Amino acid sequence: MNKPVRVIAKNGIPEQFYYHKEYRVEGIQEQWRESGQWWLEESPIHIYRVIAAKSVFELHFFPKTNQWLLYRIED
Amino acid sequence: MFIHLHVHSQYSFLDGASSIETYLKKAAELEMPAIALTDHNNVSGAVEFYKQANELGIKPIQGVEITIEGGFHLTLLAENNRGYQSICKILTDAYRLSKNSPSVSWDTLASYKEGLIVLTGCRNSAICQALLRKNFERAKTELYRLLEIFGKKQVYLEMINTFLPRTTFLLDALYELHKYTDIPLVATNNVHYAVQENYTIHDLLTCVRTKTNVDDIHPERPLNSENYLTSIDEMQRRFKRYPQALETTLEIAERCEPALNLGKNLFPKFDLKDGSDSHSFLRNLVWQGAKKRYSKLTQPIINRLEHELRIIAKLDVADYFLAVWDIVQFAKTKQIRYAGRGSAADSAVAYCLEITNVDSIGRGLLFERFLSLERAQKPDIDIDFDARHRDEIAHYVYKKYRKDHVASVCTFSTFHARSALRDLAKALDYPQDVIEGLVKNIPGYTPADGIEDVLKRLPELKGHPLHSPRYKYLLTLCTAINGFPRHIGTHLGGLVISGEPLTNVTPLQLSAKGVYITQFDKRTIEDLGLIKLDLLSLRTLSAVKEVEPVLKQQGKSYDDIPLDDQDTYQMLNNASSVGVFQLESPAQRSLQARLHADNIEDIVASVALIRPGPIKADMVEPFITRRHGLETPTYLHPKLKSILAKTYGVVLYQEQVIEIATEIAGFTPGESDRLRRAMTNYRSQKELERIGEQFVTKAIANGIEPKVAKEIFAYILSYAGYGFCEAHAAAFSDTAYKTAYLIRHYPSYFFAALLNHQPMGFYPPNTLIVHARQRGIKILPLDILASEIDFTADENSIRIGLKQVRGITADELQSIIDERKIRPFSSLADFIKRTSVNKDVIDNLILAGAFDRFNNNRRSLVWQTATLIKNRKNSLFLEESDFSGIEDFSDWERWLNEYRVLQLSSSKHIMDFYRPYLEKQNVYTSKELQKATPMEGKRVTVAGLVIRPHRPPTRSGKTVVFLSLEDEYGLLDVTIFENVYRRFSKEIFNFPLLKVTGKLALQGKLATIIADYIQPLST
């Protein structure tokens, strides 16, 4: 999807995010970090698969730009 | 609180991107009181780690990450020295099974479990792999396996949170396993680099190690940059859910005691059958030897020997001397030629034991340069052996002391400029031709962080592609890996012998050469209590040995060569020393031409003078001037006269610096040697000032005027770093002079011997051939019936040996000789029929002229080989076809083919082909100019084959290139100053044949050219 979203995070961990409406994060299913293809100057990404409203949302955080994207939703 | 217990340094070859020093400084910055080092399957960093950590007040915990059966990883920490010994034995066993992919069996773990704390390992561990596969039962089984061997108290479940996919799942599963088994959790970060920014270096090293490039996907490249030395805060964030795992790290750190016992003496007691003690036995041997060496034992000799024996006893190193004595005795019984070298030649005991051949008492050499109570370092004796038999000597040592008590010392092959450029450019997926272009012309000695410097300094690199901004990042990366070890190898001659099994202090592994090596190199091996001896190969001694039968026939011996043969000195003074050990380089020949040596002391000084240090310190000219009495030496104090008179007031030797400090400042010789070392190795201006103050204060107390004391200190300071060990120079000069004698009196035999033991010396084989020919020796061509395997000689000629043919194998050589013994070959066909020499080698033999006696038309012979070879097995008789109508190779082609195959020519020199054309251009030959005294100062042009262009350090710091031009008559040395070098750098380093114009200068009898114009001589 790659939609920019507003996320409220504490210590880097998402707690709330807004995608058409407010979602409260109920749990982190999985998280990992990728450095990106640094030789092509790609940015590192922090990836969070969060549980909210009975779905799993995959949020990507780009530390360099401080931006959050909603990458995917699994119902 | 948190302690890092899983850290990989640069000794995890190509998998650790930070040095031990960097990690320790970072740990200090993070206020961590302890840290563990756990490299892959080695403990090479242990001594460095231990010493540096202690200096910073950080507790070093020694560990290792091993690979166990199945390829799984396991982390082991030494709880104490017993645990460290267990690690050494485990690793030795692992490498025994497979030298390239060490693997620890469960039996080995069970055998050597003492003193070990086990962390269950990273994602590549058996437990984590099972959990990731959701096989909880399997994970339990693996854990129980460890518990059965090590016990509950020694095992911890290792948790790593570096934000790889499924880490949350894995940590939860490990937690479940912990709850089920009650085995405590411990957090690590599986560190591979000190700071996150170093991740790119680590990723590139991974590419180098896995032979992939950055665009390749590989399981060892998860593109995750979280394996750095994280702070306590960061670890608290990562382990918010499992804080107990952080606490455990402290508990483990507190359990661990120092793993290494440094400073012991592990040298074995010498096996004395009669039950006497080593020192008494040594004393007896020394006095027996002294009676042989000295016609009369005067009081000074007795005093000196007693003095040395006292120090040897106090340092408890008699066994070492006896071991070395025993080795040289073995060499003598086997008639293997040897020569002790280095500072051991400062020892009269070594002289009496016939370990060295330098009379240190007669020369006034200081024992303390070699061994002293103040320095309290272990002795280190180096011995050169006939290269052919060096391994036989090593084998004797292994057999005598048992193979688990003897090993070769390792060496680390580290990244330099060329290897860094190649490996990193390949990892970045540059095309091969681009990589070759980047590496081209970068001097081999350039460090990886010195590329920008050489690009700026060397004019021949002016248009080099690395100047382009697109490679700036590549150069930064090269700098980052400068000096990183790439792989482990074998030190050329270093051996350690231990009184207890070596695996008590170091793992042993099989090197590529098939010998067992320690995991510590010469810098740290002695800290473990081991003493190194260097058993080196010297091909010069092999060449000497080959000539000895000729001397023997005349009732002479090499050892009794008189040291005052004026014919030999005359030859050296004529700069005719190509082939002479240590005295053949252009700089040495130039020195000999000016020095006019007429005694062995001049040779000793020569060996010491032509070194970067004395040249930079401007010692050469003053020495020569004063040697000829053209300048009177002056001495800052009368006490310096007796010390410096033998070198005409020039401080040439390190021993002289020691003597001066002793005489002037009243230091003991041992303290003086320590002072000398401090003066050469000082780390700051402040430290140097402190050393200076100490010297001056003591000098004043010794009755020296303050101003003079300061002047003397400044004087010796300027030379301290450049002085050469006199004992070493004396040891080398013995061989240097005697090889000069052999060249003067047995030239054909000695040149043949030198040719038989290539590669060696300063010059290539063809230069030796040219010089042999210059001395009137006939060079006989390769001949399939007359040539032996080796070069052979009689009084007037040298026959080229079959082994010189490119590509010929030892088996092929032997088959030729064996067949020839039965019946000489009658034709090429006969040769092909009766031998199984391969086609390429047959062609090479033809092109080198081996079959000229049967048919001088080499082209026609080459044309026939394919058919003859095809039919060699099927036909009873092989017959050559008639290709007589075919035109042979031209003269030039014949010469070129022969040179390509043999790397030398028996008949002509390449310059013979150019000479008619050069004569018309008034180009001189080397022969003409050597006799051209009236032309001194005039501008002349010469031409020749470029030999060994090089840029040694100079007094002025400017670049000067020296090279020799070889023509059909010999060598002409050329000096190219910086301004000319900058104009013609490309020509100098890229063309094999040059025409050089410049001023003719005469240095004694040696003609040289100071170049001002250089152009290639086209082929």
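As shown above, the structure is provided for reference.
Residues numbered from 1 in each chain as written. Chains lettered and ligands numbered in written order. Predicted model: local features only at pLDDT ≥ 70, side-chain atom pairs only at ≥ 80, totals over all residues. Heavy atoms only, no water.

(A) Molecular detail of the interface of chain B and chain A. With 23 residues of chain B in contact, the opposing surface of chain A contributes 12 residues. A combined buried area of about 1300 Å² lies between chain B and chain A, and 58% of that area is made up of carbon and sulfur atoms. In terms of surface lost to chain A, no three residues of chain B exceed Phe163, Thr168 and Leu223 of chain B, which account for 39% of the buried area on that side. Taken together, the links from chain B to chain A amount to one salt bridge. Its salt-bridge partner being Arg33 of chain A, residue Glu226 of chain B comes within 3.2 Å of it at the nearest N-O pair. Here chain B is connected to chain A by 10 residue pairs in polar contact (both at pLDDT 80 or more). Looking at which element gives the most residues to the side of chain B that touches chain A, the answer is helix 8 (residues 199–210) of chain B, with four residues. Taken together, the residues that form the side of chain B that touches chain A break down as 10 nonpolar, five polar and eight charged. (Contact = heavy atoms within 4.5 Å. Buried area = accessible area lost by both parts, 1.4 Å probe. Salt bridge = Lys/Arg side-chain N within 4 Å of Asp/Glu carboxyl O. Polar contact = N/O pair within 3.5 Å; in protein donor to acceptor, adjacent residues only side chain to side chain. Helix = DSSP H or I, 4+ residues; strand = E, 2+ residues; numbered from the N terminus. Nonpolar A, V, L, I, M, F, W, Y, C, P; charged D, E, K, R; others polar.)

(B) Structural view of the pattern of salt bridges. Scanning the entire structure with this criterion turns up 71 salt bridges over all chains. A cluster of three or more residues bridged by salt bridges with shared partners is formed by Arg33 of chain A together with Glu226, Glu234, Arg237 and Arg238 of chain B.

(C) Summary view of the sheet that holds strand 1 (residues 34–37) of chain B. Residues and elements named next belong to chain B. Pairing is mixed in the open sheet, where six strands are placed in the order 1-2-3-4-5-6. Only two strands of the sheet have a single neighbouring strand rather than two, namely strand 1 and strand 6 (185–188). Between one strand and the next, the sheet's axes are offset by a mean angle of 35°, whatever the strand orientation. Where strand 3 (residues 72–78) meets strand 4 (residues 116–119), four bridges bridge the pair, whose relative direction is antiparallel. Its bridge partner lying in strand 4, Thr75 is registered against Leu119. (Pairing = 2+ DSSP bridges. Axes fitted to C-alpha atoms, helices over the stretch in contact; angles between N-to-C directions.)

(D) Geometry of the sheet that holds strand 2 (residues 6–10) of chain A. Residues and elements named next belong to chain A. Here we have three strands laid out as an open sheet, ordered 2-3-4, and antiparallel in their pairing. The sheet terminates laterally at strand 2 and strand 4 (21–24), the two strands that pair on one side only. With direction set aside, neighbouring strand axes in the sheet form an average angle of 20°. In this sheet, strand 3 (residues 13–19) lies alongside strand 2 in antiparallel orientation, the contact comprising five bridges. Looking at the pairing, Ile8 lines up with Gln16 of strand 3.

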